[in-house]
Each structure stands twice: as C-alpha cells, then as structure tokens.
Amino acid sequence: MNCPALTQAASKANGGQANSTQPLGIGMNSFEYGWTAQTPGLPPHPYSHAKENQVAEPGQSVTFADAALVSNPRDPDADNWKEVPATASIYFRVPSDSQNGNEYVLDPTRTIGRHAGRVNACFFDGHVAAIKNSAMGYNYQRTDELALWARNHNGLIP
C-alpha cells in the first residue's frame, strides 16, 4: 500500500488511514472492489465481494491505483486534480459511490497522477499500467466502456 514516490508519512486521518511511519498512497477502488460489509440502515450494497465472473473486462477495470485526498475534486478534468500533501490513502472513491449517502462528493479521496502526470494503476487481471488520470473515465457512466473505474462497464454483467 506504500507508493515509493512518497517520502512523508500519511498524517491526515482521512478515512482512518493516518500512519506515523508509512506514506501509503496505493488505494483500492473501494466501492467497486473493496466493500466487504453491509452498512446498517442502508440498502444492500450492489458491488460487494467481487467474483471473477462479475467483472466484464478484467483487463479494463482498475482495482488499485495511486490515491490521495485531492484539493479540487470538483474539477471535471481528473488530470488537474491536486494532491494534498501527507494525505495518501488506501482507497479511492469512484462515481458509483454516491448511492449510499453521496460519499463520492463528500470524501474527495481520488486517484492521483503523481508520476509525471500519470497514475500507476493495477487492473483486475493483474497487469499494471501508467495511465493519465483522465483515462479512468470518471466523466462516463458506469456502463460506458471508457469507465475503467467500473467493474461491470459495458453493462454486460449485472
């Protein structure tokens, strides 16, 4: 979970990831892949416990990537997002994370292009690529093939 490019420990307790010794900074796509329990009082989570046959395009679905708190999450161009120092995270939010209380809007933890403007992204099939943050397709609906943040883009698998 530690990005080697970071040298400062994650000191901001955003989402409980404060750490006195580790920089963290490689986050899981929490809503699509990391949701493990039902939240009391909320509707059932539609994307918990991802199984291999539930991922429409394993080579086109990001599970882990460089992540941090960003200062300008409302900027529509993800390539312009600015990392808040010492807020590296072990998760990142995606647009589908708005169904249960609008967490996507309230928690500005996102993927961040900290490597020459690129995000190191690990896909569900295990390959890794350095991509522009805008290539994640945050401005697309989950069923669009360009929405690399969605585990069932293309609308092929419910």
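Residues numbered from 1 in each chain as written. Predicted model: local features only at pLDDT ≥ 70, side-chain atom pairs only at ≥ 80, totals over all residues. Heavy atoms only, no water.

**Regarding the overall build of the chain**
Line of reasoning, step 1. For the chain, the helix and strand inventory stands at two helices and seven strands.
Line of reasoning, step 2. The helix and strand sequence of the chain, counted from the amino end, reads β-α-β-β-β-α-β-β-β.
Line of reasoning, step 3. Per-residue burial over the chain gives 44% buried out of 158 residues.
Line of reasoning, step 4. Contacts in the chain between residues at least 24 apart in sequence constitute 60% of all its contacts with a sequence separation of at least 6.
Line of reasoning, step 5. Summed over all atoms, the accessible surface of the chain reaches about 7800 Å², with 54% contributed by carbon and sulfur. (Helix = DSSP H or I, 4+ residues; strand = E, 2+ residues; numbered from the N terminus. Buried < 20%, exposed > 50% of the residue type's maximum accessible area, 1.4 Å probe, protein only. Contact = heavy atoms within 4.5 Å. Areas by Shrake-Rupley, 256 points an atom, 1.4 Å probe, with all protein chains shown as cover.)

**So, the pairing of strand E2 (residues 62–70)**
Line of reasoning, step 1. Of all nine residues in E2, eight are buried; the element is thus mostly enclosed.
Line of reasoning, step 2. Strand direction decides the pairing type here: strand E1 (residues 26–29) and E2, joined by three bridges, are antiparallel. The residue of E2 that forms the bridge with Ile26 is Asp66.
Line of reasoning, step 3. As paired elements, E2 and strand E6 (residues 118–123) share three bridges and run antiparallel to each other. (Pairing = 2+ DSSP bridges.)

**Some details on the pairing of strand E7 (residues 128–132)**
Line of reasoning, step 1. Where E6 lies against E7, five bridges are found, and the strand directions are antiparallel. Paired with Cys122 across the strands is Val128, a residue of E7.
Line of reasoning, step 2. The loop that links E6 with its antiparallel partner E7 comprises four residues; one of these, Gly126, has a positive phi angle of about 100 degrees.

Treat this as a map of the structure, not an account of what it does.
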